[in-house]
Amino acid sequence: MIEQGQKLPAGTLSELTNDGMLNHDITELFADKKVVLFAVPGAFTPTCSEAHLPGFIVFADQLKAKGVDLIACVSVNDAFVMKAWGDTQNAAELMMLADGDASFTQALGLEMDTAGFGGVRSQRYAMVVDNGVVTTLNVEAPKSFEVSTAEAILATL
């Protein structure tokens, strides 16, 4: 599993925007920025839709006031699902990133197998990444939602 002080792995994350599909090089996306990246097991799932994503929407301005340049949500879903979920949640201030084949999640060592639910998915986590280096990493215990909240990340900044 990735640890604080380590660089994010190379790879690509997808984003469907109103202008079309973008494939973001992870190294370039996180270069020279302070980024809050949080991951959810699945778009449109209960805790993710009712608490995790909404928290980062609500606290986006406060996070940015603490020097965060970008807030991004990632899930092992496709870019079409991530855009639709972001649209339904009014997440315009956040970047909704797709890790469709779970390659980024697996490179981080933060995957979990949910078997019949959806197969390989991401564990729930939130991290602060400064110029590509993880400075804070909060990974939730299974079926928990405490350390990866927007409030918990805000308290680390």
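Predicted model only: the values in this text are computed from it and were never measured.

Participant: Can you walk me through the overall build of the protein in this structure?
Facilitator: Counting secondary structure elements, the protein contains 6 helices and 9 strands. Based on the C-alpha atoms only, the size of the protein along its principal axes is roughly 40 × 35 × 30 Å. Per-residue burial for the protein yields a buried fraction of 50% across its 157 residues. By sequence separation, contacts in the protein at least 24 residues apart represent 61% of the contacts at least 6 residues apart. In the form shown here, the protein has an accessible surface area of approximately 7300 Å², with 50% of it arising from carbon and sulfur atoms.

Participant: Would you explain the nonpolar core in this entry?
Facilitator: It is characteristic of soluble globular proteins that their nonpolar side chains tend to be buried jointly. Core analysis: the largest hydrophobic core is formed by 25 residues, its most contacted members being F38, F56, W85 and L94. Of all elements in the fold, only β3 (34–40), α2 (46–58), α3 (60–65), β4 (70–75), α4 (79–88), β5 (95–98), β8 (125–130) and α6 (150–156) reach the threshold of two or more residues within this core. Excluding anything up to four places from it in sequence, L94 contacts F38, L53, F56, I57, A60 and I71. Grouped together as the second largest cluster of nonpolar side chains are 22 residues, V35, A39, L70 and L97 included.

Participant: Got a minute to help me understand the pairing of strand β2 (residues 20–25) in this structure?
Facilitator: Within a regular strand, side chains alternate between the sheet's two faces. Here strand β1 (residues 12–17) runs beside β2; their pairing, made up of 6 bridges, is antiparallel. Looking at the pairing, S14 lines up with N23 of β2. What sits between the antiparallel neighbours β1 and β2 is a turn of 2 residues.

Participant: Is there a simple way to explain the pairing of β8 in this structure?
Facilitator: Of all the 6 residues making up β8, 5 are buried; the element is thus mostly covered by neighbouring parts of the structure. As paired elements, β3 and β8 share 6 bridges and run antiparallel to each other. Of the residues in β8, the one forming a bridge with K34 is D130. Note: β8 against strand β9 (residues 133–139), 6 bridges, orientation antiparallel. Residue pairing for β9: D130 is matched across the bridge by V133. Following β8, the chain reverses through 2 residues before pairing antiparallel with β9; N131 in that reversal takes a positive phi of roughly 55°.

Criteria and cut-off values
- Residues numbered from 1 in each chain as written.
- Predicted model: local features only at pLDDT ≥ 70, side-chain atom pairs only at ≥ 80, totals over all residues.
- Heavy atoms only, no water.
- Helix = DSSP H or I, 4+ residues; strand = E, 2+ residues; numbered from the N terminus.
- Buried < 20%, exposed > 50% of the residue type's maximum accessible area, 1.4 Å probe, protein only.
- Contact = heavy atoms within 4.5 Å.
- Areas by Shrake-Rupley, 256 points an atom, 1.4 Å probe, with all protein chains shown as cover.
- Core = buried A, V, L, I, M, F, W, Y, C linked by side-chain atoms within 4.5 Å.
- Pairing = 2+ DSSP bridges.

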